[in-house]
Amino acid sequence: MIEIPAAPKIKRFAVHVPEPDLADLHARLDRVRLPEPETVPDASQGIELRRMNALLDAWRRHDWRATEARWNAIPHYRVLLDGLGIAFWHVRSPEPAALPLLLTHGWPGSVLEFEDMLGPLSDPVAYGGSAHDAFHVVVPALPGFGFSDRPAEPGWHPGCTARAWAQLMTELGYQRFVAHGGD
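Counting starts from 1 at the beginning of each chain's written sequence and moves along it residue by residue. Where local features are concerned, this predicted model is filtered to residues with pLDDT of at least 70; where side-chain atom pairs are given and counted, the filter is 80 or more; whole-chain, interface and lining totals use all residues. Only hydrogens and water are set aside; all other atoms, that is, all heavy atoms of the structure, feed into the side-chain values.

> Please explain the nonpolar core as it appears in this structure.
Among the nonpolar cores identified, the biggest contains 18 residues, and Trp89, Leu103, Leu118, Val137 and Val139 are the most heavily contacted of them. Of all elements in the fold, only helix H3 (64-72), strand E3 (84-91), strand E4 (99-104), helix H4 (118-122) and strand E5 (135-140) reach the threshold of two or more residues within this core. The term nonpolar core refers to a set of buried residues drawn from Ala, Val, Leu, Ile, Met, Phe, Trp, Tyr and Cys, joined through side-chain atoms within 4.5 Å. We call a residue buried when its accessible area falls under 20% of the maximum for its residue type, exposed when it is over 50%, and partly exposed in between, using a 1.4 Å probe and counting protein chains only. Membership of the second largest hydrophobic core comes to 17 residues, among which are Leu84, Ile86, Leu142 and Leu168. Secondary structure is summarised from DSSP: a helix means a run of H or I of at least four residues, a strand means a run of E of at least two, and numbering begins at the N terminus for each.

Here's what the structure looks like:
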């Protein structure tokens, strides 16, 4: 992946969750009190106890440091847009004429929906494709998701997000771009 120099407002961002926070998470997972098994053989009374136990076990086994290393290998930044700190990935293509592509996740998703697409979209030649199909990929986290700030008051709506994303693309030097959104 080719990294673009950050504009003055844009700062490189590394994901690092402090060890005490991870210890607190594990302690909370270990203290979870689950209800008695459901009285029906399906999910009509809510999530099944076996599924909840599997989810808790998966979180207990999750290797957060490996996930951080994987994410930090992706060019990750933060920028202030409309008063909110927004975290985003920016993967420039090795193809200079690549078209800028903005990818927006849906609710309740995350930028992780696009993680496996970054390479094929930004460097299709490395995946057996054509240089003409290359994109400079920008993937912001919606306000309140991932490492983006949460609005402090009501009123942030899709129009605010659209304006912020247009501002982000301008800050990155893109005067024209295409976009894809979830939901």
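Next comes the rest of the write-up.
> Sorry, what's going on with the packing of aromatic side chains here?
Centre-to-centre distance and the angle between the planes together describe a pair of aromatic rings. Ring pairs are drawn from Phe, Tyr and Trp, using the six-membered ring of Trp, whenever the two centres fall within 6.5 Å, and their geometry is named by plane angle: stacked under 30 degrees, edge-to-face over 60, tilted for the rest. One pass over the full model with this rule turns up four aromatic pairs. Here Trp71 and Phe147 contribute two aromatic rings whose centre-to-centre distance is 6.3 Å and whose plane-to-plane angle is 75°, an arrangement assigned as edge-to-face. Taken together, the positions of Trp71 in helix H3 and Phe147 in the loop between E5 and helix H5 (158-171) put the pair 76 residues apart, joining distant regions of the chain. Clustering of aromatic rings is evident, with ring pairs tying together Phe13, Trp64, Trp71 and Phe147. Here, over-ring charges are defined by two tests on the NZ atom of lysine or the CZ atom of arginine: distance to the ring centre within 6 Å, and angle to the ring normal within 35 degrees. It is Arg78 that lies over the ring of Phe13; its NZ or CZ is 6.0 Å from the centre.

> When you look at the packing of helix H1 (residues 19-31) against helix H2 (residues 49-61) in this model, what are you seeing that I'm missing?
In a pair of packed helices, the angle between the axes and the distance between the axes together describe the arrangement. It is at 10 Å that the axes of H1 and H2 come closest, and there the two elements cross at 155°. For the element pair H1 / H2, the angle class is roughly antiparallel. Crossing handedness for the pair H1 and H2: left-handed. Contacts from His26, Leu29 and Asp30 in H1 reach Leu56, Trp59 and Arg60 in H2. Amino acid classes used here: Ala, Val, Leu, Ile, Met, Phe, Trp, Tyr, Cys and Pro are nonpolar; Asp, Glu, Lys and Arg are charged; the rest, including Gly, are polar. Taken together, the residues of the contact of H1 with H2 sort by class into three nonpolar, one polar and two charged. Comment: axis = line fitted to C-alpha atoms, over the contacting stretch for helices; angle = value between 0 and 180 degrees taken between N-to-C directions. Orientation is classified from the angle alone, with under 35 degrees giving roughly parallel, over 145 giving roughly antiparallel, 65 to 115 giving roughly perpendicular, and any other angle giving oblique. Crossings are assigned a handedness: left-handed for a near helix turned anticlockwise from the far helix by less than a right angle, right-handed for a clockwise turn. By definition, residues are in contact when any of their heavy atoms lie within 4.5 Å.

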